[in-house]
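Secondary and tertiary structure notes
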Amino acid sequence: AQSVAQPEDQVNVAEGNPLTVKCTYSVSGNPYLFWYVQYPNRGLQFLLKYITGDNLVKGSYGFEAEFNKSQTSFHLKKPSALVSDSALYFCAVYNFNKFYFGSGTKLNVKP
Amino acid sequence: SAVISQKPSRDICQRGTSLTIQCQVDSQVTMMFWYRQQPGQSLTLIATANQGSEATYESGFVIDKFPISRPNLTFSTLTVSNMSPEDSSIYLCSVADRYQETQYFGPGTRLLVL
């Protein structure tokens, strides 16, 4: 069975500090990996994706994610958090023509 | 990326009634998807809608409850039929890019059933 896990329901970080939002997956084959962000009362916005190549992927708003095949992880990172980064973040996997979404992690960035 | 709009953005409905949600895309796309999301929760795929064919429903979702139309490559509708309070949710439309590997989402329709 294909699955995506986001082990933290919520992540709290102070503005200016680095942030990490964790994601692990369990799928067969070589999946495509994604991060989406959802601001209050909005749809999901695409942040970045990994398909192949360099394990470090850079995306929108200064976010990046690191693909680790041995640990089956795809953690989202940002060197310096902003209050405006506070939102709900979803990790997703595309495999065999289907998307599988994690449960979401609420990121709170405090001034 | 595609620009996707949904109508209505939100609605409050009485139980037993039906609501049709529209999804409009600014470019032609092959695959469109309908999701349901409880506030603050993850997404659940309802069905995949391809132009010119019947929608493909996921386990737990049936056509009688969630009929879908896909009349052309830029438009789709999802109807939530015979609504009950359990149908209160956010309904999201999404499209896949030309390589079918990235999905882009509409702003969602927030539905409250009383």
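Please refer to the structure placed before this passage.
Residues numbered from 1 in each chain as written. Chains lettered and ligands numbered in written order. Predicted model: local features only at pLDDT ≥ 70, side-chain atom pairs only at ≥ 80, totals over all residues. Heavy atoms only, no water.

**Notes on the overall build of chain A**
We apply this condition: A helix here means a DSSP run of H or I that spans at least four residues, while a strand means a run of E at least two residues long, and both kinds are numbered starting from the N terminus. The buried label goes to any residue with under 20% of its type's maximum accessible area, the exposed label to any with over 50%, and the partly exposed label to all in between, with areas taken from a 1.4 Å probe on protein chains only. Here, two residues are considered to be in contact whenever any of their heavy atoms come within 4.5 Å of each other.
Looking only at helices and strands, one finds zero helices and 12 strands in chain A. Across chain A, helices and strands are ordered from the amino to the carboxyl terminus as β-β-β-β-β-β-β-β-β-β-β-β. When its C-alpha atoms are laid out on the principal axes, chain A stretches across 40 × 30 × 20 Å. By the burial criterion, 46% of the 111 residues in chain A qualify as buried. Taking as baseline every contact in chain A between residues at least 6 positions apart, the subset at least 24 positions apart corresponds to 55%.

**Some points on the sheet that holds strand S1 (residues 4-7) of chain B**
Residue and element names in this part refer to chain B. What counts, and what does not: Strands are treated as partners if at least two bridges between them are detected by DSSP. Whenever a helix is involved, its axis is fitted only over the stretch in contact; in every case the axis is a line through C-alpha atoms, and angles between N-to-C directions fall within 0 to 180 degrees.
Strand order in the open sheet formed by four strands is S1-S3-S8-S7, with antiparallel pairing between adjacent strands. Each of the sheet's edge strands pairs with one partner strand only, and the pair in question is S1 and strand S7 (68-72). Across the sheet, the axes of successive neighbouring strands diverge by a mean angle of 15 degrees, strand direction being ignored. Relative to strand S8 (residues 75-80), S7 runs antiparallel, the two sharing three bridges. Bridge pairing in S8 places Ser69 opposite Thr77.

**Looking at the pattern of salt bridges**
All names here are of chain A. What counts here: Between Lys or Arg on one side and Asp or Glu on the other, a salt bridge is scored when a side-chain nitrogen of the former is within 4 Å of a carboxyl oxygen of the latter.
Under the definition given, this model contains five salt bridges over all chains. The partner of Asp85 in a salt bridge is Lys78, with the nearest N and O atoms 2.8 Å apart. Of the residues examined, Lys78 reaches a relative accessible area of 8% and is grouped as buried.

**A few points about the packing of aromatic side chains**
The test is simple: Paired rings are identified among Phe, Tyr and Trp, the last through its six-membered ring, by centres lying within 6.5 Å, and are further divided according to the angle between planes into stacked (under 30 degrees), edge-to-face (over 60) and tilted (the rest).
Under the defined criterion, the tally for this structure stands at 18 aromatic pairs over all chains. On the numbers, 5.9 Å between centres and 75 degrees between planes, the contact of Phe101(A) with Phe105(B) is edge-to-face. Here Phe105(B) lies in strand S10 (residues 103-105) and Phe101(A) lies in strand S11 (residues 98-101), a pairing that spans two chains. With respect to burial, Phe101(A) and Phe105(B) carry one shared label: buried. Seen in terms of ring centroids, Tyr35(B) and Phe105(B) are 5.6 Å apart; in terms of plane orientation they differ by 50 degrees. Their pairing is tilted. With a gap of 70 residues between them, Tyr35(B) in strand S4 (residues 31-37) and Phe105(B) in strand S10 connect regions that are remote in the sequence. Ring-pair connections join several aromatic residues into one group, and the members of that group are Tyr32(A), Phe34(A), Tyr36(A), Phe46(A), Tyr94(A), Phe99(A), Phe101(A), Tyr35(B), Tyr104(B) and Phe105(B).

**A short note on unusual backbone geometry**
Geometrically, the link from Lys7(B) to Pro8(B) is a cis peptide bond, its omega value of -10 degrees lying close to zero. As for its placement among the helices and strands, Pro8(B) is situated in the loop between S1 and strand S2 (10-13). Positive phi, normally seen in glycine, also occurs at Asn41(A), with a value near 60 degrees. Relative to the helices and strands, Asn41(A) resides in the loop between strand S5 (32-38) and strand S6 (44-50). The exposure class of Asn41(A) is exposed, given its relative accessible area of 56%. Positive phi is not limited to glycine here, since Thr72(A) has a value of about 45 degrees. Here Thr72(A) is to be found in the loop between strand S8 (64-68) and strand S9 (73-78).

**Observations regarding the layout of surface pockets**
Our working definition: Cavities and pockets are found on a 1 Å grid laid over the protein atoms alone: a cavity is a set of points where a 1.4 Å probe fits but cannot escape, a pocket is an open set with protein on both sides within 12 Å along at least five of seven lines, and a lining residue has an atom within 4 Å of such a point. Grid points are joined across faces, edges and corners, and a volume is the space filled by probe spheres set on the points.
Computed from the structure, the largest pocket encloses a volume of approximately 290 Å³. Taken together, 16 residues line the largest pocket, and the ones lying closest to its centre are Leu44(A), Gln45(A), Phe46(A), Tyr104(B) and Phe105(B). Secondary structure elements with two or more residues in the lining of the largest pocket: S6 of chain A together with S10 of chain B. Quantified by volume, the second largest pocket comes out at close to 240 Å³. Taken together, 15 residues make up the lining of the second largest pocket; nearest its centre are Gln38(A), Pro40(A), Asn41(A), Leu88(A) and Gly40(B).

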